[in-house]
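The residues making up each chain are set out below.
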Amino acid sequence: MAKTELAKILIESVKEIASISDHRPPMKTHCAHLSRRLKLLLPMLEEIRDCKNSLPEESMMKALLSLKESLLHAKDLLIYISQLSKIYLVRVNKVLERDQVMVRFQKVTALLEQALSEIPYQSLEISDELQEQVELVLVQLRRSIGKGRGEKYDDELYKDLLSLYDGATDSEILRRVAEKLQLMTVTDLTEESLALLDMLSTSGGDDPGESFEKMMMLLKNIKDFVQTYNPNLEDVPLRSKPSLSKAQDEDQKNVPEDFRCPISHKLMSDPVIVSSGQTYDRECIKKWLDDGNSTCPKTQVKLTIDIVTPNYALRSLIAQWCESNGIEPPKRPNNPQPSSKASSSSSSSSFSPPSDEQLKIEALLCKLTSQRPEEQRSAAGEIRLLAKQNNHNRVVLAASGAIPLLVSLLMNSDDPRTQEHAVTSILNLSIFQENKGRIISTFGAVPGIVHVLKKGSMEARENAAATLFSLSVIDENKMTIGAAGAIPPLVNLLSEGSHRGKKDAGTALFNLCIFQGNKGKAVRAGLVPVLMRLLTEPEGRMVDEALAILAILSSHPEGKVVVGAADAVPFMVDFIRSGSPRNKENAAAVLVQLCSWDPQHLIEAEKLGVMGCLIDMAENGTDRGKRKAAQLLNRFSRFNEQQKQSGLGVEGQVSLI
């Protein structure tokens, strides 16, 4: 198997591991940390996949094969843990050191640490930042091995579980256990029941006896408690999958998942949004709040406020779906009463009739789903203006479900003006920090923005680039945006756009290239020649951005090659001599990378008279400029010392640096 193909397999393995999200207590933190640490290896694996230089084949292949085997064990373990009973995992938590789950976890961690330690990093020519990132993963893995046990258990949860295990039926204890174990919905309870049954069926013939029966009885008590505050919860047979009548089954399986309440799993009649961003049927969440709960039933995140917002957009979509499928829409209560908590915390109760503002937003969102292009265009334009005005509008629009409707227009509308309004609305909504996460997690959002960046009008392309810049401010979004194919069209816009378009594309590319995995993508998309051309434009309006991006790309192995081949050294020396303080810093940063890679660039820079400029910069420059100048001066000093000691000419010195 070739090194490149093996690297691709490793990348896919890491992505599969990262996609496993159902981590269960008391191993939840350990599993999440392992998944996150392995995800940090992606940039390095991409470097190995894309590296054109010859690598020590035998040692590299041996290390990669070892890593492949370790990742397979890690994936199997995480899947295994995700399928275990939550009750079982907590019950054995006190003796976790002796439990087979933790033993397997420690073995997998040790295998990963050993495999990563065997990789010949010095042969990869990876950047200092990437090397530090891999070293951090190794340190964290070794520390995890040294701890020798799972994360600290929840003592209250363990004691509550023991109490229930011994037959207690206190409702407060049942509530705490159900919340902490996230056993609040039909799906949660069914999965837990099936997990227990699966453990029984795979017990290898051993009779679990009383222990299993007690766990099943405990789960039944939790289910009975959950039904007391949610009478609409389907009755869940705890020894098999839920059974519905044929007619019920036909109705239920046809309902889109997004239209079901996460609590009752029924078609929502009056969807409302809580502060965590999740949507529930009003009656179910009202009962939840009235029972004294303060967390989101689905995510267990603490609700910052107990006021809910009607999800008018989803209500409209449900009504349209019911009409198109010949189903009578579920009836809403005529006069919904506020929950006790909501009414006591706010005079404008969470269950009060919609305001004029809410009715206006509902009307606009309904128009976004219209079959008439002119209505879509008009509504998207109004939302664009509302989202531009203030944060209040941005919060209300996002909470009302505007984002997924706007995203659908990016790909599905043939009207350029509608596309422009939609992408600009998303840009304006992203100004509010919390909306960035909502946008990036909306299905199809980033691909839709990239589609407009490629195919839209010039103004729409510019605003799409600005949107990607806004979203990429959050570090974890950088990889998502790069993986969606955003970099090549951004390079095109930087090359051919208006001045504003070039600015938007340049700032987006700078942000994205901070992430190591995007640097190679940018180099292969032809970004370096575009940047070199911007350095020579008569107006010089993009020099700052071009130099800043070059400084980032030159830290990448492919970037060094392409920047060096672009005859960049004379330009860098000129900027060190007469550029702004910021441009001097970045030009020196480029030279540091080029000269550390190929001594010929060092010789060329010295011939162009850079030494005097560096001495002045080391004394009078900015803090960063002083550091870069000192690095270059030190490299020149080492080069001259080696030349004196060896007595070789310039050509003979190349191999010594």
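These numbers come from a predicted model, not from an experiment. (Residues numbered from 1 in each chain as written. Predicted model: local features only at pLDDT ≥ 70, side-chain atom pairs only at ≥ 80, totals over all residues. Heavy atoms only, no water.)

Describing the overall build of the chain
Then, number 1: When its secondary structure is counted, the chain shows 36 helices and three strands.
Then, number 2: Relative to its 657 residues, the chain shows a buried fraction of 51%.
Then, number 3: Relative to all contacts within the chain whose residues are 6 or more apart in sequence, the contacts with residues 24 or more apart total 71%.
Then, number 4: Accessible surface for the chain amounts to roughly 29700 Å². Of this, 51% is attributable to carbon and sulfur atoms. (Helix = DSSP H or I, 4+ residues; strand = E, 2+ residues; numbered from the N terminus. Buried < 20%, exposed > 50% of the residue type's maximum accessible area, 1.4 Å probe, protein only. Contact = heavy atoms within 4.5 Å. Areas by Shrake-Rupley, 256 points an atom, 1.4 Å probe, with all protein chains shown as cover.)

Observations regarding the UniProt feature "repeat: ARM" (unreviewed entry) in the chain
Then, number 1: When the UniProt feature table is mapped onto this chain numbering, "repeat: ARM" (unreviewed entry) sits at residues 401-444, 444-486 and 526-560.
Then, number 2: Its end C-alpha atoms 14 Å apart, residues 526-560 is made of 69% helix and 0% strand. (UniProt positions renumbered as here; feature names shortened; annotations may be inferred.)

Considerations on unusual backbone geometry
Then, number 1: Positive phi, close to 60 degrees, is recorded for His 265, a residue that is not glycine.
Then, number 2: Looking at the element boundaries, His 265 is found in the loop between α12 (246-254) and β1 (271-273).
Then, number 3: Exposure remark for His 265: the relative accessible area of 13% places this residue in the buried category.
Then, number 4: Notably, Asp 567 is not glycine yet its phi reads approximately 55 degrees, a positive angle.

What about the environment of Glu 47?
Then, number 1: If you trace the backbone, Glu 47 turns up in helix α3 (residues 42-50).
Then, number 2: For Glu 47, a relative accessible area of 9% corresponds to the buried category.
Then, number 3: Each C-alpha atom of the pair Glu 47 and His 556 lies 9.0 Å from the other, and the pair is 509 residues apart in sequence.

Quick notes on the pattern of salt bridges
Then, number 1: On inspection of all chains with the given rule, the structure shows 24 salt bridges.
Then, number 2: Ionic pairing is found between Asp 160 and Arg 176, a salt bridge with its closest N-O pair at 2.8 Å. Residue Asp 160 is found in helix α8 (residues 155-165), and its partner Arg 176 is found in helix α9 (residues 171-180); the two are separated by 16 residues along the sequence.
Then, number 3: Under the relative-accessibility criterion, Asp 160 is labelled buried at 7%.
Then, number 4: A network of salt bridges, in which partner residues are shared, links Asp 160, Glu 172, Arg 175 and Arg 176. (Salt bridge = Lys/Arg side-chain N within 4 Å of Asp/Glu carboxyl O.)

So, the packing of aromatic side chains
Then, number 1: Tallied over the full model, the rule gives one aromatic pair.
Then, number 2: Measuring from ring centre to ring centre gives 6.1 Å for Phe 259 and Trp 321, while their planes differ by 75 degrees; the resulting arrangement is edge-to-face. Of the two residues, Phe 259 is situated in the loop between α12 and β1 and Trp 321 in helix α14 (residues 312-324); the sequence distance between them amounts to 62 residues. Comparing Phe 259 with Trp 321 shows no difference in burial state: the two are buried.
Then, number 3: If you follow Arg 104 out to its NZ or CZ, it ends over the ring of Tyr 80, 4.7 Å from the centre. (Phe/Tyr/Trp six-rings, centres within 6.5 Å; stacked < 30°, edge-to-face > 60°. Lys NZ or Arg CZ within 6 Å of the ring centre and 35° of its normal.)

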